[in-house]
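# Summary of the model geometry
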Amino acid sequence: MSIIKACIFDLDGVIVDTAVYHYKAWKRLANELGFDLSEEDNEKLKGVSRVRSLELILQWGGVTKTAAEQEELATKKNGWYVEMISHMTPAEILPGAKEFLETCRAAGLKTALGSASKNSMTILEKINMVDLFDAVIDGNKVSKPKPDPEVFLKGAEALHVAPAECVVFEDAIAGIEAAITGGMKAVGIGSPTVLTEADLVVSGLNEMSLEKLYKL
Ligand code: BG6
Ligand code: MG
């Protein structure tokens, strides 16, 4: 018998690929500030909070802004981002994500979302997946960003399960670290050469099965 009782999913890069929208919005902001943002730079922003992302971008561009200006810039970027995600549809769900969530729930496993994004609920509504989660822990409910395990520990708590009974699905290195620090199993979504600390790495949730889950 497996001890796994719950699965906790990151959103961006696991359920949907919103990185393209984050990139477009940050790039537009960088361009307005007089510099550019490469796709490699954007990779470093995956799983990183909005505030921290802006700090890094300003640093890369060699631009200094006051705290008040930074807040204004983050709000501006978010406005563009929210406009883009308002057009999202279920067609943007990553392959196998919805099916795997349904499989987990049919097997009696609890499910939670554990994301840094304050826009998580909007996205879940747009892609019609709200009902597939027993709990949603997002950027509005946590104070410490990944790799701090807070988001996943709150997820376990909301599901009334112990951390050791949870498996986390993550595409970011910081997220894998957060899961492991929290005492959970971690499945990486992406490349095994990048997500080296994960207990298992798959290219997407379409590669996941209950058999693989119970072997963790
Ligand atoms: C993470 C994304 O899930 O959420 C990051 O990977 C993003 O790119 C972060 O910056 C915060 O998102 P939001 O929607 O609150 O700006
Ligand atoms: Mg992610």
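Along each chain, numbering runs from 1 in the same order as the chain's sequence is written. Whichever chain is written first is A, and whichever ligand is written first is 1; the rest continue in order. Confidence filtering applies because this is a predicted model: local features only for residues at pLDDT of at least 70, side-chain atom pairs given and counted only at 80 or more, and all residues used for totals across whole chains, interfaces and linings. By convention in this description, side-chain values take in all heavy atoms of the structure and omit both hydrogens and water.

### Considering unusual backbone geometry
Glycine aside, residues mostly have negative phi angles, and peptide bonds mostly take the trans form. At the junction of Lys146 and Pro147, the peptide bond is cis and its omega measures out at 15 degrees in the coordinates. Secondary structure elements follow DSSP: runs of H or I no shorter than four residues count as helices, runs of E no shorter than two count as strands, and numbering proceeds from the N terminus. Tracing the backbone shows Pro147 in the loop between β3 (135-137) and α7 (150-159). Backbone geometry at Asn128 places phi at a positive 65 degrees, although glycine is not the residue there. For Asn128, the location among the structural elements is in the loop between α6 (120-126) and β3. When its relative accessible area of 58% is taken as the criterion, Asn128 is described as exposed. Here the phi dihedral of His160 falls at roughly 60 degrees; this positive angle occurs in a residue that is not glycine. Tracing the sequence through the fold places His160 in the loop between α7 and β4 (166-170). Assessed through its relative accessible area of 73%, His160 is described here as exposed. Buried means the residue's accessible area, taken with a 1.4 Å probe over protein chains only, is under 20% of the maximum for its type, while exposed means over 50%, and partly exposed covers the values in between.

### Let's talk about the sheet that holds β4
Strand pairs in the sheet, formed through backbone hydrogen bonds, run parallel or antiparallel to each other. The criterion for strand pairing is that DSSP finds at least two bridges linking the strands in question. Overall, parallel pairing links the six strands, which are arranged β3-β2-β1-β4-β5-β6 in an open sheet. Both outer strands of the open sheet, β3 and β6 (200-202), are each paired with one neighbouring strand and no more. Taken over all neighbouring pairs, the strand axes of this sheet differ in orientation by 20 degrees on average, direction set aside. Examined bridge by bridge, strand β1 (residues 6-9) and strand β2 (residues 110-114) share four bridges and lie parallel to one another. If you follow Phe9 over to β2, its bridge partner there is Leu113. Any two residues having at least one pair of non-hydrogen atoms within 4.5 Å are treated as being in contact. Here, axes are lines fitted to C-alpha atoms. For helices the fit covers the stretch in contact, and angles between N-to-C directions go from 0 to 180 degrees. Lying over the sheet, α7 contacts β1, β2, β3 and β4, oriented at roughly 160 degrees with respect to β3.

### Description of the nonpolar core
What is meant by a nonpolar core is a set of buried Ala, Val, Leu, Ile, Met, Phe, Trp, Tyr and Cys residues, joined one to another through side-chain atoms within 4.5 Å. In this structure, Phe9, Ile15, Met129, Phe133, Phe169, Leu205 and Leu213 are the most contacted members of the largest nonpolar core, which totals 49 residues. For this core, the elements supplying multiple residues, two or more each, are β1, α1 (19-32), α3 (50-61), α4 (67-85), α5 (97-106), α6, β4 and β5 (185-189). Residue ranges for the domains trace back to a domain assignment, done automatically or taken from a database. A domain split of this core shows at least three residues from each of domain 1 (6-16 + 91-214) and domain 2 (19-85). Excluding its chain neighbours within four sequence positions, the residues that come into contact with Leu205 are Phe9, Val14, Ile15, Pro95, Gly96, Ala97, Phe100, Phe169 and Ile189. Among the nonpolar cores identified, the runner-up in size contains 20 residues, and Ala6, Phe152, Met184 and Ala198 belong to it.

### Concerning α7
Every α-helical turn comprises 3.6 residues, leaving residues that sit three or four positions apart pointing alike. Among all positions in α7, only Glu150, Val151, Phe152, Gly155, Ala156 and Leu159 are buried. For α7, the secondary structure elements touched by its buried residues are β1, β2, β3, β4 and α8 (173-181). Positive phi appears at His160, one or two residues downstream of α7, with a value of about 60 degrees.

### Describing the coordination of the magnesium ion (ligand 2)
Coordination of the magnesium ion (ligand 2) by the protein is provided by Asp10 (OD), Asp12 (O) and Asp171 (OD), with metal-donor distances spanning 2.0 to 2.1 Å. Metal-coordinating donors are taken as N, O and S atoms lying within 2.8 Å of the metal, or within 3.2 Å when the metal is Na, K or Ca; because water is left out, some sites can appear incomplete. Written as a sequence motif, the donor residues of the magnesium ion (ligand 2) are D-x1-D-x158-D. Taken as a pair, Asp10 and Asp12 share a single burial class, namely buried.

### Here's the deal with the environment of Ile57
Within the secondary structure, Ile57 sits in helix α3. Sequence-wise, Ile57 and Lys27 are 30 residues apart; in three dimensions their C-alpha atoms are separated by 9.3 Å. Not counting residues within four places of it along the chain, the set of residues in contact with Ile57 comprises Trp26, Ala30, Phe35, Leu37 and Leu45.

From the geometry alone we can't say anything about function, so treat these as descriptive.
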